[in-house]
Amino acid sequence: MATAANTVTAAGAPKDGVPPAPAKTLSGIVKQVLSGDTLVIRATKGAPPPEKQITFSHVLAPKLARRPGAGGDETKDEPWAWESREFLRKKLIGVEVTFTFDKPANSNREYGFVWIGKDKETGENVVESIVREGLVSVRREGRPTPEQQTLIELEDQARAAGRGKWSHNVSAVEKVRNIKWAHENPAHIVDVYGGKPVKAIIEHVRDGSTVRAFLLPDFHYITLMISGIRCPGVKLDADGKPDLSVKVPFADEARYYVETRLLQRDVEIRLESVNNSNFIGSILYPKGNIAESLLREGLAKCVDWSMAVMKTGADKLRAAERVAKEKRLRQWQDYQAKTPAFNSKEKDFGGTVIEVFNGDAVNVRLSNGHVKKVFFSSIRPPRDQRAVVGTDGEEIVKAPPRGKNYRPLYEIPHMFDAREFLRKKLINKKVQCNLDYISPPRENFPEKYCYTVLIGGQNVAEAMVAKGLATCVRYRQDDDQRSSAYDQLIAAEQQAIKGLKGLHAKKDNATLRVNDLTVDHSRIKVQYLPSWQRALRSEAIVEFVASGSRLRIFVPKDSCLVTFLLAGISCPRSSRPALNGVPAQEGEPFGDEALTFTRERVLQRDVSVHIDTTDKAGSSVIGWLWTDTGANLSVALVEEGLAEVHFSAEKSEYYRLLKSAEDRAKAAKKNIWANYVEQVPEEKVVVEEEKDEKILSVENGPKLETLMSKLHADFHGNPPIAGSYTPKRGDLVAAQFTFDNQWYRAKVERIQGSNATVLYIDYGNKETLPTNRLAALPPAFSSEKPYATEYALALVVLPADNEDKEEALRAFSEDVLNHKVQLNVELKVAGAPNLATLHDPTTKTDFGKQLVAEGLVLAEKRRERKLKDLVEQYRAAQEAALASHLAIWKYGDITQDDTPEFR
């Protein structure tokens, strides 16, 4: 029977001794190992190249497990099935082989032999190798061919040696995998691996960015979407099934690119998130991250939503995509850059932040003094909740207009928090600005220059988003007008959403309730002024500067906005632009300079204020303001020649400071005093001392001026390095005085953290200032004795009542502070300041006795014979004040409380 004689069995064995037709011989590269006896071999040319599935002749491998839904029910591994598959995978994947094959008439498969290499005469016979390892069974039906006989002999040897499946020492159950095909809680698996790389084998490539893999050693079978990218895939029909009739450009090429590098290769997978039942993660192979390779070849595009879950490497994906765009590779062959070219001055610069706008922009002063408005790239500040927002974050319907007194900073939830975060972090700090894009003008708004702003290497926008104080702008996938750190912004937003921070909190976002006293003036005097007057100082934030001496401040303690006028000075009016139909107004000379001076020192800074009173209309408060460096702003403006002392300051405790500052400004002819002509030369203030009952000068003016001139010149020529000196209590140092920034000799009295309290030994005043304003005193200036000497006012005692005490000190200060007086030492006291009396050099008035006579202090009872006459004079002055019921004696004799019946 000729027909029967020429047939071949499924294993390739001839029947009835009739040899089969000659097998064809080809070469190719092993693409995939389906089991221990079946390979997929692809041609060496083509993209993708043709493939052929070859089943080994005369052998039968154990069957691998089959997942449920893959053409049938779930099945388990036959023992040794995985080991036989792995033997071939490790030996053959990606290796060039030579193979013979033929197709029996009664079979759909092609059977043959495979040799490693290009020559089957010298190459390793793979079928014989796997039989020799005992990982497959040899078919023994029919009359064996020479090849089959060789395989039978090799199998007998393997049986005798107990290799592989013929081993007697290994239980068959041990060689069956426990595969987890499905996962009820995929997120739990992501948490278990904790973002660490997991060894895996890629089992299937669905498209360039989606694969199936086994996670080892637990054999979790997962579908993985590669983080951060998307490759072209197969189009689906109306039923959701792949429509192979539609060719998607570059889809086959992307899949082939991944197959040749990952299919059945040992890789590491870093799980990062889940999307429904699919996992999202990065695949690391010997040459790096496969996502970067796909992007660099133009076979994939970056995807924002999955890039946000990446732990690291998002910036590398963007860079790889940029390379493909620049080269116009594959998907980017028609790409046209939309980002305009920037000049170097616009692109990158550094500067100091001087003002913060409502959560999305800042003003930066450059090194040349110019100010540039900088918007943060790709973020959106909190907005009116009445607006209707689309899925892309854009406002579909804008919020209806508010009233004229609407203040978005306080009334939009979290807007104030966002502003405060930026203010505290950035104001007066150095930042680096890197231009990302220029947003075109829209809806009456000019174009915006959008930057990535860095402070100390930290992205400010990212910090805001991470705290839930801003959200990310959503873009079309092909829109390059975005932040260079966009992926970090998206990742930060995801963390903020997960942590329910700021804007993402579930609770209702309440607005900040602010009492706007700039509009409602009626409550200033009645409700707030008394408590502000009682407070020694109140903390405030300067929200706006209208002129050198007119500001708007926010008092957090009372949640109040109020107009604040600087006390004690008169400042030139600044110019005003045309606004709301009101024509522009020219300013007075140096008005704009005063405005700039004040803005640079206090705008959006934390300050301290003491409020004395209100203006005549009761619409503004008047008081004193201290900057964050402790400087009295009224004094600073006067000293700079940008304001003059107002007559109302004469009753203030700061009058002497103001007058001294004004005198210095006049002498230096600063600003408003540029044309000032001094009419009467002022006499230098001197304190005199009586030695051996004769007058002797203690503050030797010319010598002190010479010493100070030399000291100032030395420090001007050799300025110290800030922070290089560590002061100790008792040290004689050089200190930089706050009001004129000049260096003076001082003694350290106390150290408190980063601040020190010093006594200026040549002038007698004290100051607390940062330790970085102290420096080592050069030896040439340390030998001179201090020019200021401390004395105690003789024969007077301050009253016990605090208010009376303050009144006495005020009066004494007005009489003698910075005035020329005569000083007589009445009694030398060991270990304490000497007792002295002070006299007016013209009228010979005894200032201490005058205080007693005015009822401001008490006469001290002393028994020294030397002081007998003086004590009697002071006692007589006190009796006269008591008889007239002056000051502390207005209710009678206060010394009666010291008698025994009152004790």
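Everything numeric here is computed off the predicted structure, so don't read it as measured data.

So, on to the confidence of the model for the protein chain. When pLDDT is averaged across the protein chain, the result is 85; 90% of the residues are at 70 or more. Low pLDDT (under 50) marks residues 1–19, which in the prediction has 29 contacts with non-local residues, meaning those over four places away or in another chain.

Trp532, Phe564 and Leu625 are the most contacted members of the largest nonpolar core, which has 43 residues in total. When residues of this core are assigned to their parent elements, the largest contribution, 5 residues, is made by helix H17 (residues 633–639). Beyond its immediate chain neighbours, meaning those up to four positions away, Phe564 contacts Ser549, Arg550, Leu551, Ile553, Val609, Ile611, Val621, Gly623, Trp624 and Leu625. By size, the runner-up hydrophobic cluster in this structure holds 40 residues, among which are Ala308, Phe349, Ile438 and Cys450.

With that settled, the discussion passes to the sheet that holds strand E37 (residues 743–752). Strand pairing in a sheet takes place through backbone hydrogen bonds and is either antiparallel or parallel in direction. An order of E39-E38-E37-E36-E40 is seen for the 5 strands of this open sheet, with the pairing classed as antiparallel. Only two strands of the sheet have a single neighbouring strand rather than two, namely strand E39 (766–770) and strand E40 (774–776). Adjacent strand axes in the sheet meet at a mean angle of 50°, parallel and antiparallel pairs treated alike. Examined bridge by bridge, strand E38 (residues 755–760) and E39 share 5 bridges and lie antiparallel to one another. Across the sheet, residue Val758 finds its bridge partner in E39, namely Glu767.

Glancing now at the pairing of strand E1 (residues 24–35). Relative to strand E5 (residues 96–102), E1 runs antiparallel, the two being bridged by 6 bridges. Bridging from a neighbouring strand, Gly28 pairs with Val97 of E5.

If you trace the backbone, Glu767 turns up in strand E39. One buried charged residue, Glu767, forms no salt bridge at all, with the nearest opposite charge on Arg773 at 6.2 Å. Filtering out sequence-adjacent residues up to four positions away, Glu767 remains in contact with Phe737, Thr738, Ala756, Thr757, Val758 and Tyr760.

We now examine helix H12 (residues 415–426). Under the 1.5 Å per step criterion, the end-to-end length of H12 is 16 Å for 12 residues, consistent within 8% with the ideal 16 Å. Among the 12 residues of H12, 9 are classified as buried, and the element is accordingly described as predominantly covered. Met415, Phe416, Ala418, Arg419, Glu420, Phe421, Leu422, Arg423 and Leu426 are the residues of H12 that are buried. Asn428 sits one or two positions beyond H12 and adopts a positive phi of about 65°.

How each quantity is defined
In this convention, every chain numbers its residues from 1, walking through the sequence in written order. For a predicted model such as this one, the threshold for reporting local features is a pLDDT of at least 70, and the threshold for listing and counting side-chain atom pairs is 80 or more; totals across whole chains, interfaces and linings nevertheless cover every residue. To obtain the side-chain values, all non-hydrogen atoms of the structure were included, while hydrogens and water were left out. pLDDT gives the predictor's per-residue confidence on a scale running from 0 to 100. Contacts between residues were defined by any pair of non-hydrogen atoms, one from each residue, lying within 4.5 Å. We define the nonpolar core as a collection of buried residues of types Ala, Val, Leu, Ile, Met, Phe, Trp, Tyr and Cys that are connected through side-chain atoms lying within 4.5 Å of one another. The buried label applies to any residue whose accessible area, calculated with a 1.4 Å probe on protein chains only, is under 20% of its type's maximum; exposed applies above 50%, and partly exposed to all values in between. Each helix is a run of H or I in the DSSP string that is no shorter than four residues. Each strand is a run of E no shorter than two, and both are numbered from the N terminus. We treat two strands as partners when DSSP finds at least two bridges between them. For every element, the axis is a line fit to its C-alpha atoms; helices are fit only across the contacting stretch, and the angle between N-to-C directions ranges from 0 to 180 degrees. Under this rule, positive means Lys or Arg and negative means Asp or Glu; His and the chain ends count for nothing. By definition here, a salt bridge exists when the distance from a side-chain nitrogen of Lys or Arg to a carboxyl oxygen of Asp or Glu is within 4 Å. Helix span, expected: 1.5 Å multiplied by one less than the number of residues in the helix.

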